[in-house]
Amino acid sequence: MSATMTPLEYVLHQRPLVVRRRVRWGECDPAGVVYTATFSDYVIAAAELFYGELFGTTPQQGKSEHGFGTPTRALSFDFLRSLRPDEEFDMAVHVLEVRTRTYVLQIVATTPQGEPVFTAQLTPVCVQRPERQSIPVPESFREALLAYQRECNDSFSRPLNKAAS
């Protein structure tokens, strides 16, 4: 497949879920680096693909079928390198914790050559639709998160930032 036909975003690996993404020109500032806020979009897109993988359907349909939503409670980043238009990077999704009403996903981004780009921690909270009241993580979803965590434990490396080492 030629570079002009390469999709903007696609799943490279299932366990752990690894998403390859190509930076679009419009995601960058006049200096030619990705806008800081755009990284949030990247992380949410990776999380949505993760949900689709767990549910075996589209993310929102899967959550609707199970009667819950997942708005973001917290999102943090450690930026390790900038990205420029047409650069590709990979995001691996890991389950760090499953709590009572929330869970923590860690997204570790690297270049295809393995150079660290960023780490992010996304903490969604489960809410009942349409009331938007927090609820315990639905049992079937909890089981899927924990099974994924167990399956991916061997390939998971802790955060790439120096402070964590």
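How each quantity is defined
- Residues numbered from 1 in each chain as written.
- Predicted model: local features only at pLDDT ≥ 70, side-chain atom pairs only at ≥ 80, totals over all residues.
- Heavy atoms only, no water.
- Phe/Tyr/Trp six-rings, centres within 6.5 Å; stacked < 30°, edge-to-face > 60°.
- Helix = DSSP H or I, 4+ residues; strand = E, 2+ residues; numbered from the N terminus.
- Buried < 20%, exposed > 50% of the residue type's maximum accessible area, 1.4 Å probe, protein only.
- Contact = heavy atoms within 4.5 Å.
- Salt bridge = Lys/Arg side-chain N within 4 Å of Asp/Glu carboxyl O.
- Pairing = 2+ DSSP bridges.

Naming follows an unreviewed UniProt entry, where the protein chain appears as Thioesterase family protein of Alcaligenes faecalis.

Tallied over the full model, the rule gives 15 aromatic pairs. A centroid spacing of 4.7 Å and a plane angle of 80 degrees characterise the contact between Phe50 and Tyr148, whose relative ring orientation is edge-to-face. In this pair, Phe50 sits in helix α1 (residues 36–55) while Tyr148 sits in helix α3 (residues 139–152), placing the two residues 98 residues apart along the sequence. On the basis of relative accessible area, Phe50 is assigned to the buried category, the value being 0%. Ring plane angle 80 degrees and centroid distance 5.3 Å describe the contact between Tyr103 and Phe141, whose orientation is recorded as edge-to-face. A residue pair is termed long-range when its members are at least 10 positions apart, and Tyr103 in strand β6 (residues 103–110) and Phe141 in helix α3 qualify at 38 residues. For the pair formed by Tyr103 and Phe141, the shared burial category is buried.

Quick look at the environment of Ser76 now. Looking at where Ser76 falls in the secondary structure, it is placed in strand β4 (residues 72–79). A sequence separation of 44 residues divides Ser76 from Ala120, and the C-alpha atoms of the two residues are 5.5 Å apart. With sequence-adjacent residues up to four places away left out, Ser76 is seen in contact with Thr119, Ala120 and Gln121.

A few words on the pattern of salt bridges. Counted according to the given criterion, the structure contains 10 salt bridges. A salt bridge links Arg20 to Asp90, with the shortest nitrogen-to-oxygen separation between them at 2.6 Å. Separated by 70 residues along the polypeptide, Arg20 in strand β2 (residues 17–22) and Asp90 in strand β5 (residues 88–98) bring together distant segments of the chain. Comparing Arg20 with Asp90 shows no difference in burial state: the two are buried. Among the salt bridges present, the one from Glu115 reaches Arg81, with a minimum N-O distance of 3.2 Å. Here Arg81 lies in the loop between β4 and β5 and Glu115 lies in the loop between β6 and β7 (116–124), a separation of 34 residues in the sequence. Judged by its relative accessible area of 41%, Glu115 is partly exposed.

In this section: the sheet that holds strand β3 (residues 68–69). A sheet is described by the order of its strands in space; here three strands give the open sequence β3-β8-β9, paired in antiparallel fashion. Both outer strands of the open sheet, β3 and β9 (133–134), are each paired with one neighbouring strand and no more.

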